[in-house]
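# Report on the structure
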Amino acid sequence: MARSYQHVSFLSDLGRSDEHVGVVHAVMADLASHVTVIDLTHDIAPYDNRAGSLALARAMPYLPDGIVLAAVDASGTRPAVAVEVAGGKGVFLAPDNGLIAAAVALAGGADRAVLLLPDGPTALASSGATLVVRDVLAAAAAHLCNGGSFDDLGPAVSIDDLLPGVVPIAREDGDGIIAEVVWVDRFGNAQLNVGPDDLAGWPGGVRLSFGDDVRHADLSVGFADLGAGVRLTLDSHGLYAIAIARHSAAAELGIGVGTEIRLEPATTEQQGVSSPVSLRDRRPSPPLQ
Amino acid sequence: MARSYQHVSFLSDLGRSDEHVGVVHAVMADLASHVTVIDLTHDIAPYDNRAGSLALARAMPYLPDGIVLAAVDASGTRPAVAVEVAGGKGVFLAPDNGLIAAAVALAGGADRAVLLLPDGPTALASSGATLVVRDVLAAAAAHLCNGGSFDDLGPAVSIDDLLPGVVPIAREDGDGIIAEVVWVDRFGNAQLNVGPDDLAGWPGGVRLSFGDDVRHADLSVGFADLGAGVRLTLDSHGLYAIAIARHSAAAELGIGVGTEIRLEPATTEQQGVSSPVSLRDRRPSPPLQ
Amino acid sequence: MARSYQHVSFLSDLGRSDEHVGVVHAVMADLASHVTVIDLTHDIAPYDNRAGSLALARAMPYLPDGIVLAAVDASGTRPAVAVEVAGGKGVFLAPDNGLIAAAVALAGGADRAVLLLPDGPTALASSGATLVVRDVLAAAAAHLCNGGSFDDLGPAVSIDDLLPGVVPIAREDGDGIIAEVVWVDRFGNAQLNVGPDDLAGWPGGVRLSFGDDVRHADLSVGFADLGAGVRLTLDSHGLYAIAIARHSAAAELGIGVGTEIRLEPATTEQQGVSSPVSLRDRRPSPPLQ
């Protein structure tokens, strides 16, 4: 017997200034009114699969069982798919463009998958072209939430044929590490693809090099007690972020998503020398896009 | 016996940076906690009834039965009204300023209407001036959702006295059509007030003229396979949109809402000549406001 | 016996471009799926406790019984607290940084309070640093909504030790009043910390002085019939706002949050002389931040 679902976690690049996100909520309310739709974010930059993939992976450990509807570049050339995970506790509905790869892996990997075709059995008719998020993905979500069968969604596709995600991996470089800014949050903290294991045995702080700039950063945990200067602080997702107390590190240092940062252990002389920062007298800028 | 309602679809020009939209949700939760409020969008530009009207009309086919609460320029000089449609399956609550005219027509037309007065029987008291969306519209929505009678909302008003909407209509011009950009979505696609019937028998593509610019556009359906150059593509609402693959057509071509576009059938020589576009090396700009 | 709660009213400085707000919704859905989360606004500027405090106080009269989750500067140096009000009808969960002081006062004052520690009995484990809004505040909200005891949240703290809020108070100055712009809404109306009692007996209008500018403003109620020129109008929260019909007063006059405005009764000669305003031919600008 097919199970039904109560929750749809929804992430997209649709923004909120158009009515598309609201229409997806309306379709769900109309077809499966018992469901709660959770808006993770809809402000992923248009077509930015990597940013969408990382946001979804960060949220993943907190999502309730149910459907994940992820729509970044959803009307592009890649087909839509449904991917079942965790013995059916969850189903991802998304374009097969790598967007959900990291999140599916965090959920234990794909059990099975089907194609969601524009003229598939559960798709809505459109008065014009197919709007994938509305006509294909939301309609499939309603079908599943109402207890409809996974197999009825469309033809099976091998989970080995699903497009993998592209996750930026830091790499060793002599006695240091070449990392990358993977996310700048609203407060201007610049998350790196580097965690505690990477910096084990670097008790004296870290020397950060990017562009022509070199900074010393002491290590911290969290954002409460950053002290003065630039810090490399363990953030709430288990990765290190470049941060400055109550200021936007991204704006102050001129870094953004994709900036390459070289990290190396600080030498003895550098330890405890806090990095001078000419803090501008203003509130943090919005994060670099 | 009056019916009760489960859903309130909500569109406004209130933005989300103030707390007004949240307060409407709070009022509904407080007075009619069984109701689901669906936010269509709140980013309609202040006072822009036409944009609000078009967004509401685009969403209309997907809304569940229930209340439509539409508040663009709601604290202006026009009174608030309640308009019943579809034999009571739906009720619009809005200022009588043309905002809901197109959507009401799509719902089959108005059955009856009443005035919603600031000191009406269902209105909330304010500690200062009346905030129409909160004190009049949300309060009336709660009344109806709880099974309150339509007639109790206020004095009847003739549906012939409701303000009509102003819908931009394309017009014939020699062998061509003068159309207008009516919407630019987040991806920069520029929707025209032109549908398939208008271009029937134009198989060779379309010559677009606007300002001093002339472009050839091939016809497409949807946004997945746009190919190179400028396309006139059937969008998911059954209208044609000027689009460029993975770029903002509005930004590239310098067009926005209200830009007049002349369309004429491409001549034989022009067929298949794709329009050169100097694509800038960047992500799509936000839509022109 | 502990009571359970159905509603969480949620205000923050987290924005919606990151997934944090969505993750709080997800945590609530996962741990207390019967709860409705009401988003008041998440666009409070980062760390701007005063703006958050005022928005929360404006919304307060309309919130349903239940939890208020307020997170502005929530990962700062101040500890998180739970504050019970109104004999348990409501509980505030927030950093103890003055953010909730005005709203708590509006709810009748604090009955009792406890500290919410990062490693407290209801806190969620993090894979990195504690994210207070997610791991502490949302987790405590779920505990209370499920009928968990207030006392179990953490160690008691004296309500006399809670940080008071800083509310800007207008002051008399000769025959006038020195007021301050405390809020600019999306439409550019500039709310002052002045109400009807302050201007009782000023029937001839008000002379506004700010910077090098002097304007005459007639008094109005609401925004529907502002007439020409600058008005001082009673807004929907019982305070006076500087407004211009269908234009942004803040943009036209170059004022914003924190601008000091001197008000004095207009002299006989000034009465009825409307202030000339060179209205720019454009839509209202977004409010000054």
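Below, the structure is looked at part by part. If you're wondering where the values come from, they're calculated on a predicted model, not measured in any experiment. (Residues numbered from 1 in each chain as written. Chains lettered and ligands numbered in written order. Predicted model: local features only at pLDDT ≥ 70, side-chain atom pairs only at ≥ 80, totals over all residues. Heavy atoms only, no water.)

## Comments concerning unusual backbone geometry
Most of the time, phi is negative for any residue but glycine, and the peptide bond is trans. All names here are of chain A. Stated precisely, the cut-off is as follows: Each helix corresponds to a stretch of at least 4 residues labelled H or I by DSSP, and each strand to a stretch of at least 2 residues labelled E; elements are numbered beginning at the N terminus.
In this structure, tyrosine 47 takes a positive phi of about 70 degrees despite not being glycine. Its place among the elements puts tyrosine 47 in the loop between strand S2 (36–41) and helix H2 (49–59). In the Ramachandran plot, alanine 86 falls in the positive-phi region, its phi being about 50 degrees despite a non-glycine side chain.

## Structural notes on the side chain of aspartate 39 of chain C
We apply this condition: Using a 1.4 Å probe on the protein chains alone, a residue whose accessible area is under 20% of its type maximum counts as buried, one over 50% counts as exposed, and one in between counts as partly exposed. N or O atoms closer than or at 3.5 Å make up a polar contact, with two conditions inside protein: a donor-capable atom paired with an acceptor-capable one, and, for residues adjacent in sequence, both atoms drawn from side chains. The contact definition used throughout considers only heavy atoms, calling two residues in contact when any of these lie within 4.5 Å.
Within the secondary structure, aspartate 39 of chain C is located in strand S2 (residues 36–41). Assessed through its relative accessible area of 12%, aspartate 39 of chain C is described here as buried. A polar contact is formed between the side chain of aspartate 39 of chain C and the side chain of histidine 42 of chain C, at a distance of 2.7 Å. Ignoring anything within four residues of it in the chain, the contact list for aspartate 39 of chain C reads Arg16 and Gly22 of chain B together with Phe10, Arg16, Val21 and His25 of chain C.

## Things to note about the pattern of salt bridges
All names here are of chain B. What counts is decided by this rule: The working definition used for a salt bridge is a side-chain nitrogen of Lys or Arg within 4 Å of a carboxyl oxygen of Asp or Glu.
One pass over the structure, following the stated rule, counts 39 salt bridges over all chains. Close ionic contact of glutamate 84 with arginine 112 constitutes a salt bridge, the shortest N to O distance being 2.9 Å. Placement of the pair is glutamate 84 in strand S4 (residues 80–85) and arginine 112 in strand S6 (residues 110–116), with a sequence separation of 28 residues.

## Quick look at the interface of chain A and chain B
Operational definition: Summed over both partners, buried area is the accessible surface (1.4 Å probe) that two parts give up on being assembled.
Taken together, the contact pairs 37 residues of chain A with 31 residues of chain B. Across the interface of chain A and chain B, roughly 2700 Å² is buried in total on both sides, 55% from carbon and sulfur atoms. Of all residues in chain A, the largest losses of buried area upon contact with chain B belong to Glu19, Tyr47 and Ala129 of chain A, amounting jointly to 23% of the total for that side. With a closest N to O distance of 2.7 Å, aspartate 73 of chain A and arginine 246 of chain B form a salt bridge. Considering every element that reaches the side of chain A that touches chain B, the biggest residue donor is helix H1 (residues 20–31) of chain A, with eight residues.

## Some details on the sheet that holds strand S3 (residues 66–71) of chain A
Residues and elements named next belong to chain A. Worth spelling out the cut-off: In this description, strands pair whenever DSSP reports at least two bridges between them. What counts as an axis is a line fitted to C-alpha atoms, over the stretch in contact for a helix, and the angles between N-to-C directions run from 0 to 180 degrees.
Spatially, the seven strands line up as an open sheet ordered S2-S1-S3-S5-S4-S6-S7, and their pairing is mixed. A strand with exactly one partner marks an edge of an open sheet, and here the two such strands are S2 and strand S7 (156–157). The pairing of strand S4 (residues 80–85) with strand S6 (residues 110–116) spans six bridges and is classified as antiparallel. Paired with valine 83 across the bridge in S6 is alanine 113. On top of the sheet, H1 reaches strand S1 (7–12), S2 and S3; it is set at about 165 degrees to S1, its chief contact.

## Let's talk about the pairing of strand S11 (residues 206–210) of chain A
All names here are of chain A. Most of S11 is tucked away: four of the five residues are buried. The pairing of S11 with strand S12 (residues 213–221) spans five bridges and is antiparallel. The residue bridging arginine 207 from the neighbouring strand is histidine 216, located in S12. What sits between S11 and S12 in their antiparallel hairpin is a turn of two residues, with glycine 211 showing a positive phi close to 55 degrees. Strand direction decides the pairing type here: S11 and strand S15 (residues 260–265), joined by four bridges, are antiparallel. The residue of S15 that forms the bridge with valine 206 is proline 265.

## Let's talk about the sheet that holds strand S7 (residues 156–157) of chain B
Pairing is mixed across the open sheet formed by seven strands, whose spatial order is S2-S1-S3-S5-S4-S6-S7 (chain B). Looking at strand neighbours, the two that pair on one side only are strand S2 (36–41) and S7 of chain B, the edges of this open sheet. Sheet analysis places S4 of chain B next to strand S5 (residues 90–95) of chain B, joined by six bridges and oriented antiparallel. Bridged to alanine 80 of chain B within S5 of chain B is proline 95 of chain B. H1 of chain A contacts strand S1 (7–12) and S2 of chain B of the sheet and is inclined by roughly 150 degrees relative to S2 of chain B.

## Observations concerning the relation of the copies chain A and chain B
Where we set the bar: Fitting of the copies onto one another was done by least squares over C-alpha atoms, counting residues only where both copies have pLDDT of at least 70.
Each copy of the sequence occupies a distinct position, and chain A is placed on chain B by a rotation of 120 degrees and an axial shift of 0.0 Å, giving an RMSD of 0.0 Å. Here the symmetry operator amounts to a three-fold rotation axis. Using C-alpha coordinates, one finds that chain A approaches the rotation axis most closely at threonine 36 of chain A, a distance of 5.4 Å.

## Focus on the packing of helix H1 (residues 20–31) of chain C against helix H4 (residues 132–145) of chain C
Residues and elements named next belong to chain C. For clarity, the cut-off: Left-handed describes a crossing whose near helix is turned anticlockwise from the far helix through less than a right angle; right-handed describes the clockwise counterpart. Residue classes follow a fixed rule: Ala, Val, Leu, Ile, Met, Phe, Trp, Tyr, Cys and Pro count as nonpolar, while Asp, Glu, Lys and Arg count as charged, and any other residue, Gly among them, counts as polar.
Interaxial distance between H1 and H4 falls to 9 Å at its minimum, and their mutual angle equals 35 degrees. With respect to the hand of their crossing, H1 and H4 are arranged in right-handed fashion. On H4, the residues touching Val23, Val24, Val27, Met28 and Leu31 of H1 are Val133, Arg134, Ala138, Ala141, Ala142 and Cys145. By residue class, the composition of the contact of H1 with H4 is ten nonpolar, no polar and one charged.

## Digging into the relation of the copies chain B and chain C
With an RMSD of 0.0 Å, chain B superimposes on chain C once it is rotated by 120 degrees and translated 0.0 Å along the axis. Little of the interface of chain B is mirrored in chain C: 3% of its interface residues are interface residues there too.

## Topic: the interface of chain B and chain C
Each side of the interface is counted separately: chain B has 37 residues, and chain C has 31 residues. Carbon and sulfur atoms make up 55% of the area that chain B and chain C hide from each other, which totals about 2700 Å². Run the count over chain B and chain C and you get two salt bridges. Inspection of the chain B/chain C interface yields 15 residue pairs in polar contact (both at pLDDT 80 or more). Within the residue set of the side of chain B that touches chain C, elements represented by two or more residues are helix H1 (20–31) and helix H4 (132–145) of chain B. When residues of the side of chain B that touches chain C are assigned to their parent elements, the largest contribution, eight residues, is made by H1 of chain B. Looking at the side of chain B that touches chain C residue by residue, the classes come out as 13 nonpolar, 14 polar and ten charged.

## Remarks on helix H2 (residues 49–59) of chain B
Along H2 of chain B, nine of the eleven residues are buried, which leaves the element largely enclosed by surrounding structure. Taken together, the buried positions of H2 of chain B are Asn49, Gly52, Ser53, Leu54, Ala55, Leu56, Ala57, Arg58 and Ala59 of chain B.

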